[in-house]
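As a plain string of letters, each chain reads:
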Amino acid sequence: MTPRFLIGRLIDLGFVLFGVSVIVFLMIRLIPGDAVAIMLGANTEITPDRIAELRGRLGLDQPLLMQYGNWLWGVLHGNLGTSIWTGRPVLGEIAAALWPTIELTALSVLFGAGLSIPIGAFMAQARGRGAEVAVRVGAIAGLTIPSFWLGIVSIFLVAKLLPGVSALGYVPFSQDPLGNLQRMVLPVFALSLPMLANLSRLVRSATLDALGQDYTRTARAKGASRRRVVYVHALRNALIPFVTSVGVSVGYLLGGAIVVEQVFAIPGLGRLVLGAIAERNYPLIQATILVITATFVLVNFVVDLLYAAIDPRVTN
Amino acid sequence: MLKVLRQNKLLTFALIFVALQVLLAVAAPWLDLHDPFRQVMVQRIKAPNALNWLGTDQLGRDVLSRIIYGYRTSLITTVTAVALALFAGGGIGLLAAYCRGWFDRIVMRLMDVLFAFPILLLAIGVIAVLGPNAWSAAIAIAVVYTPIFARLIRGPALVICETEYVEGARAIGASDARIILTHLLPNLVSVILVQASILLSAAILVEASLSFLGLGAQPPTPSLGLMLSEGRNFLLLSPWPAVFAGFAILFLSFGFNLLGDALRDRLDPRLKVAE
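Conventions used here
Residues numbered from 1 in each chain as written. Chains lettered and ligands numbered in written order. Predicted model: local features only at pLDDT ≥ 70, side-chain atom pairs only at ≥ 80, totals over all residues. Helix = DSSP H or I, 4+ residues; strand = E, 2+ residues; numbered from the N terminus. Buried ≥ 20, exposed ≤ 12 C-beta atoms within 10 Å, placed from the backbone. Contact = placed C-beta atoms within 7 Å. Nonpolar A, V, L, I, M, F, W, Y, C, P; charged D, E, K, R; others polar. Axes fitted to C-alpha atoms, helices over the stretch in contact; angles between N-to-C directions. Parallel < 35°, antiparallel > 145°, perpendicular 65-115°, else oblique. Left-handed = near helix turned anticlockwise from the far one by under 90°. Core = buried A, V, L, I, M, F, W, Y, C linked by C-beta atoms within 7 Å. pLDDT = per-residue confidence, 0-100.

Quick word on the overall build of chain A
Part 1: Along the backbone of chain A there are 12 helices and 0 strands.
Part 2: Counting from the amino terminus, chain A carries its helices and strands in the arrangement α-α-α-α-α-α-α-α-α-α-α-α.
Part 3: In terms of overall dimensions, chain A has a C-alpha envelope of 85 × 60 × 35 Å along the principal axes.
Part 4: Burial statistics for chain A: of 316 residues in total, 38% are counted as buried.
Part 5: Within chain A, counting contacts between residues at least 6 apart in sequence, those at least 24 apart form 75% of the total.

Below, the structure is given as structure tokens:
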């Protein structure tokens, strides 16, 4: 990895994070009508005094550039704003809801990405028209099954078939490791299925590509078994596009987690942001969106670097 | 055309599968369906039977007609959204590829920023600003898909800008508008068709997710996502509304995805390599 490449990536990263912060900042300012009256309307009577008080508290009476500067200064110092209803910093609420979402997403990445490699490599050995159609239809079905529906159906089946098992809710891992993992099984499955379908197909086609290359022919010629060629020689090169796809999938998973948390009653960021929308608590909505998006951007930054580390051709 | 369809069974199947569902949605008012809004309290939560083919929901409304009208809601929202995104994103991608230079750099950087948000999260953010209803959902999906279309169109458009016929057109003094409309656009039709179909498939899932979360169409509008979230509360009494609504979303989304996939093979085999 050349320093030049790294600096270029860092500049890109800075620009994207800046753009994201501007869009998130503008959210409140883009609300049609009087944003403050709309916010207050969710929970209390609207009086001119209250409007003026909240407007002052949110800093909406200052010039736009100054508002942005103050807001960004706060964000960079860990002050993401205060809840308009409780007046407490939203960071505390986000921190409490962060862990379930991270656990759900991380387990789904592990499950989806981990399982897609053997499945894709296995599928690469199946050729012919019948297999082609089966792979294609299977992959599209995996991509288009709504995860929340899968979740609902699986909750129903568990309730009917295994009445003693609790599939809903969340217990922290530190309190009850087994109970935690048990409740994670269905959500992780529901959330990661589209990713699994997508990545398996990608691994398959990349493996097939690699199998057509000269070095696999050489490996066969020097006496490596067909299986060894698929799993050792071809697969390793097939992983290069795979890494990028996993990074992109994280964004899908972070978004999908919002829906899946709702289905399985998991108290994560998804529930937090939906609750915040219901009570029009815009500082909390802004902060949650900012935290999730920044996470996604940073994950992709790391993936980009990894990609360059695996494949030196990228940096040139 | 017929010959193509006979040869390509997958494409034929996908076309028929999609056309059937779209026809159902379009023709819904003229079909002899139960009123999707009519609540028959004595017939609540019924399993499928001769009168209500797919059963009834918790308010005694006919599930079949709510699903067919749900198709309408879903298609109106997503087709509007994808058309808006295609217009905005496709236009941006086309101009960026044609103009190059600073315009290209600035505009595509802006698209990168929108692209940095997780899809569903950005959609939720837009709805948080506009207020939850079906039109907000359509605009939200359009905003989310604009950068995707811009990127998808810009790549192939750049390639076409380099071709000799574009150079030739420029040499004989064709105007920019003429080159874009008569040389670039027609050559991008196959890319646009394929991507519009696949993105429509994904948009159907996003719309269903949003209305499931209560951020899209509002009750009592017949909506597939809403049916799922309402049916969830009565799952142990009767899984039918939730199960059928889920199948409906799956079939609709699956159909458009398969159609896009089959079209891609048919229209341009090179597209596959380019990905």
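Here's the deal with the overall build of chain B
Part 1: For chain B, the count of helices and strands is 11 helices and 0 strands.
Part 2: For chain B, the succession of helices and strands along the chain, N to C, is α-α-α-α-α-α-α-α-α-α-α.
Part 3: Looking at chain B as a whole, 47% of its 275 residues qualify as buried.
Part 4: In chain B, the share of contacts with a sequence separation of at least 24, taken over all contacts with a separation of at least 6, comes to 69%.

Some points on the environment of Ala 113 of chain A
Residues and elements named next belong to chain A.
Part 1: Checked against the element boundaries, Ala 113 lands in helix 5 (residues 90-124).
Part 2: Along the primary structure Ala 113 and Ser 192 are separated by 79 residues, whereas in three dimensions their C-alpha atoms are 8.7 Å apart.
Part 3: Those residues within four positions of Ala 113 in sequence are excluded, and the remaining contacts are Leu 199 and Val 246.

Re the interface of chain A and chain B
A common way to express how large an interface is: the accessible area buried when the components associate.
Part 1: The interface is formed by 38 residues belonging to chain A together with 34 residues belonging to chain B.
Part 2: Taken together, the residues of the side of chain A that touches chain B sort by class into 30 nonpolar, 7 polar and 1 charged.

Section: the packing of helix 1 (residues 3-30) of chain A against helix 4 (residues 101-115) of chain B
Part 1: Two numbers describe how helix 1 of chain A lies on helix 4 of chain B: the axes approach to 9 Å, and their chain directions differ by 70°. Classified by the interaxial angle, the pair formed by helix 1 of chain A and helix 4 of chain B is roughly perpendicular. Crossing angle aside, the handedness with which helix 1 of chain A passes helix 4 of chain B is right-handed. Only Arg 109, Asp 112 and Val 113 of chain B of helix 4 of chain B make contact with helix 1 of chain A, whose side of the interface consists of Phe 15, Val 16, Gly 19, Val 20 and Ile 23 of chain A.
Part 2: Taken together, the residues of the contact of helix 1 of chain A with helix 4 of chain B sort by class into 5 nonpolar, 1 polar and 2 charged.

Notes on the environment of Ile 106 of chain B
Residues and elements named next belong to chain B.
Part 1: Here Ile 106 lies in helix 4.
Part 2: For Ile 106, a count of 11 C-beta atoms within 10 Å gives the class exposed.
Part 3: Sequence spacing of Ile 106 and Ala 96 is 10 residues, and the spatial spacing of their C-alpha atoms is 9.1 Å.

Section: the nonpolar core
Part 1: Counting residues in hydrophobic clusters, the biggest one holds 162 residues, and the most contacted among them are Ala 123, Ile 141, Tyr 145 and Ala 203 of chain B.
Part 2: For Ala 123 of chain B, the contacting residues outside a window of four places in its chain are Ala 140, Ile 141, Val 144, Val 206 and Leu 210 of chain B.

A word on the packing of helix 2 (residues 9-27) of chain B against helix 3 (residues 63-99) of chain B
All names here are of chain B.
Part 1: As a packed pair, helix 2 and helix 3 sit with axes 8 Å apart at the nearest point and diverge in direction by 100°. With respect to each other, helix 2 and helix 3 are oriented roughly perpendicular. Contact residues: Gln 21, Val 22, Leu 24 and Ala 25 in helix 2; Ile 68, Tyr 71, Arg 72 and Leu 75 in helix 3.
Part 2: Its residues assigned to classes, the contact of helix 2 with helix 3 shows 6 nonpolar, 1 polar and 1 charged.

Some remarks on unusual backbone geometry
Part 1: Across the junction of Pro 219 of chain B and Pro 220 of chain B, the peptide omega takes the value 5°, indicating a cis bond.
Part 2: As for its position among the elements, Pro 220 of chain B is in the loop between helix 8 (176-212) and helix 9 (224-232).
Part 3: Of note in the backbone geometry, Ala 265 of chain A takes a positive phi value of approximately 55° without being a glycine.
Part 4: Taking the C-beta count within 10 Å as the criterion, Ala 265 of chain A has 14 such neighbours and is therefore assigned partly exposed.
Part 5: Even without a glycine there, the phi angle at Arg 280 of chain A is positive, about 50°.
Part 6: With respect to the secondary-structure elements, Arg 280 of chain A resides in the loop between helix 11 (269-278) and helix 12 (282-310).

Some words on the environment of Pro 241 of chain B
Residues and elements named next belong to chain B.
Part 1: As for its position among the elements, Pro 241 is in helix 10 (residues 240-267).
Part 2: Classification of Pro 241 as buried rests on a count of 25 C-beta atoms within 10 Å.
Part 3: Setting aside residues up to four positions removed in sequence, Pro 241 forms contacts with Gly 55, Asp 57, Val 63, Met 227 and Gly 231.

Considerations on the confidence of the model for chain B
All names here are of chain B.
Part 1: Per-residue confidence for chain B gives a mean pLDDT of 88, with 95% of residues at or over 70.
Part 2: The spread of mean pLDDT over the elements of chain B runs between helix 11 (residues 269-274), the lowest at 46, and helix 3, the highest at 94.
Part 3: Of the two predicted TM-score estimates for the complex, the pTM is 0.90 and the ipTM is 0.88.

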